[in-house]
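Remarks on the overall topology
Next come the chains, spelled out residue by residue.
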Amino acid sequence: MDLKKSTIHTLSENLKNGTVSSLELCQEYLKNIDARDGEIGAFLEIDREKMLNAAKASDERRASGNAFSEFDGIPIAVKDNICVKGERCSCASKLLEPVKSPYDATAVELLKKQGFIPFGRLNMDEFAMGSSCENSAFKKTRNPLDISRVPGGSSGGSAACVAADFAPAALGSDTGGSIRQPAAFCGVVGVKPTYGRVSRYGLVAFASSLDQIGPLCNDPEDAGIILDAISGFDPHDSTTLPAASGGYAAAAKKGAADGSLAGLKFGLPKEYFTGGLDSGVAKVMDETIAKVKALGGEIVDVSLPHTKYAVAVYYIIATAEASANLARFDGIRYGSRQDANGLVDTYYKSRGAGFGDEVKRRILLGTYVLSSGYYDAYYLRAQRVRTLIRRDFEEAFKQCDLLLTPVTPQTAFKFNEKSDPLQMYLSDIFTIALNLSGHCGISIPAGIDDATKMPVAAQIMAPALGEKVMLQAAAAFMK
Ligand code: GLN
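Below, the structure is looked at part by part. (Residues numbered from 1 in each chain as written. Predicted model: local features only at pLDDT ≥ 70, side-chain atom pairs only at ≥ 80, totals over all residues. Heavy atoms only, no water.)

Another point: the overall build of the protein. Assigned secondary structure in the protein consists of 16 helices and 11 strands. Rg of the C-alpha trace for the protein: 21 Å, near the compact-globule value of 23 Å for 479 residues, within the 12% margin. With the C-alpha coordinates of the protein rotated into their principal frame, the extents come out at 65 × 55 × 45 Å. The burial tally for the protein puts 59% of its 479 residues in the buried class. Partitioning the contacts of the protein with sequence separation of at least 6, the portion at a separation of at least 24 is 75%. Each charge class in the protein was averaged separately, 53 positive and 56 negative side chains, and the resulting centres sit 2 Å apart. (Helix = DSSP H or I, 4+ residues; strand = E, 2+ residues; numbered from the N terminus. Rg over C-alpha atoms; globule rule 2.2 N^0.38 Å. Buried < 20%, exposed > 50% of the residue type's maximum accessible area, 1.4 Å probe, protein only. Contact = heavy atoms within 4.5 Å. Lys, Arg positive; Asp, Glu negative; His and termini not counted. Charge placed at Lys NZ, Arg CZ, Asp CG, Glu CD.)

Moving on, we come to unusual backbone geometry. Apart from glycine, the bulk of residues carry a negative phi angle, and the bulk of peptide bonds sit in the trans form. In this model, glycine 153 is joined to serine 154 through a cis peptide bond whose omega is 5°. You can see serine 154 is positioned in the loop between strand E3 (117-122) and helix H5 (156-163). Here cysteine 133, not a glycine, exhibits a phi torsion of approximately 70°, which is positive. Counting through the fold element by element, cysteine 133 comes out in the loop between E3 and H5.

Before going further, it helps to examine the pairing of strand E7 (residues 265-269). Most of E7 sits inside the fold, with 4 of its 5 residues counted as buried. Relative to strand E8 (residues 298-302), E7 runs parallel, the two being bridged by 5 bridges. Counterpart to glycine 267 in the pairing with E8 is valine 300. (Pairing = 2+ DSSP bridges.)

The next thing to look at is the site of the ligand. In the vicinity of the ligand there are 15 residues, among which Thr175, Gly176, Ser178, Tyr314 and Asp428 approach most closely. Tyrosine 315 places a polar side-chain atom, nitrogen or oxygen, 3.4 Å from an oxygen atom of the ligand. For the ligand, the accessible surface in isolation is 290 Å², of which the surrounding protein chains cover 100%. When atom positions are compared with the pocket grids, the ligand is found to occupy the largest cavity. Of the residues in the shell around the ligand, the class split is 5 nonpolar, 7 polar and 3 charged. (Near = heavy atom within 4 Å. Polar contact = N/O pair within 3.5 Å; in protein donor to acceptor, adjacent residues only side chain to side chain. Areas by Shrake-Rupley, 256 points an atom, 1.4 Å probe, with all protein chains shown as cover. 1 Å grid on protein atoms, 1.4 Å probe; cavity = no way out; pocket = protein on both sides within 12 Å on 5 of 7 lines; lining within 4 Å. Sits in = over half its atoms within 2 Å of the grid points. Nonpolar A, V, L, I, M, F, W, Y, C, P; charged D, E, K, R; others polar.)

The next point concerns the pattern of salt bridges. The full count for this structure, using the stated rule, is 18 salt bridges. Close ionic contact of glutamate 87 with lysine 50 constitutes a salt bridge, the shortest N to O distance being 2.7 Å. Note that glutamate 87 is positioned in the loop between strand E2 (75-79) and helix H4 (106-113) and lysine 50 in helix H3 (residues 48-63), a separation of 37 residues in sequence. Across the pair arginine 61 and aspartate 72 runs a salt bridge, and its minimum N-O distance is 2.8 Å. One end of the pair, arginine 61, is in helix H3; the other, aspartate 72, is in the loop between H3 and E2, and 11 residues separate them in sequence. Side by side, arginine 61 and aspartate 72 carry an identical accessibility label, which is buried. (Salt bridge = Lys/Arg side-chain N within 4 Å of Asp/Glu carboxyl O.)

Another point: the environment of glutamate 271. With respect to the element layout, glutamate 271 can be found in the loop between E7 and helix H9 (279-294). Through-space distance from the C-alpha of glutamate 271 to that of phenylalanine 430 is 9.4 Å; in sequence the pair is 159 residues apart. Here the side chain of glutamate 271 touches serine 303 through a polar contact of 2.6 Å, side chain to side chain.

Geometric values such as these leave the question of function open.
Structure below.
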């Protein structure tokens, strides 16, 4: 069976027609994984028996007319920082290597309710800190389109998994671009929902005011299908929004059917198109703008003047929150313990041995910016600038329906190319502001860079809870 770029919506048709069973589908995906994951390294582990048993149960439900939904029996792979009951949840960290989830994340539970089969543990940067997957404590993940290049990060395993046809879709998490950037590097679709749209319950917290779970998949309709399943208010996460959710797949479907952007105003924030952009990326963005116009979209110039502070603000706020969130991983309450003389030494030794260099760097930075005497100068000031960044977006959205930007300044880079942490941080320049503002964004493949022959992606950003118009536009564009 050819599963190349298979979408959830076509697989769902196949399951309905009986041309394939869930068991066959899962077996075929496992075959692809067996054939190529040795080289790619998307998965940390897979409980095959559990996956195949879930597929058999789904086939039985369907045969007896009791399918949970039209998507019953479709596998979706899961990033290693999202809890699936009974499975390992290591966040690609040695510290959490022995940890098994006692419960399902809400997003996982909601997928299971529709009969989806969440499976596998996808590699990532340790605790989602990184942009290349090189910070995983366990293995390298390679970009399926060119194995000498990184898949992006931190959801690099999720993007590589979809790009290599190991699953039709995967869950990732986006704190500062970690869904959109790897999606861009691997040529797949990735969505960061509005902050509060998807429950964070069961997502291991990195920076709680920024984190969102979202889909990586092959087209906007599939992103909509997954968002339809996982969005909404959750009593377990007080930051989820009470607003009604759903209708996302239908919006994308409409966009693909119409193939038109008429009536939509796209703002081009000038700060995202100056300097720093590789010429191949700039060329594809020019073509993208021309295509948007050809499809009837209107282009307007806008400005997000405080975006220039986004990377600095992010690396203060995200590290501050991380230093607090990761305090619980002390080898006693959670994680693997290195016994020493007394409590404090046990903390030191467990955390010293368990965390990798980048995680330690972030904890140190975060602790520093929160410490007395520095709090006002760094953390508080960063919070104020964050408000200015958010207001820029709100002002811009008064002038347009959507924003159109690149996702990354360059295409997927090679391993060890960015060994300086600051250089790595700067590669997040186009994705991070959106996490700080809380709005939603999608990364869609837009073309190929002539020099690297790697995919270039466009980012469409929408106002808070604007997922429908965003997906509709993305689907029209991709068609
Ligand atoms: N590259 C960003 C970081 O290292 C992205 C993190 C994320 O979105 N999880 O913090």
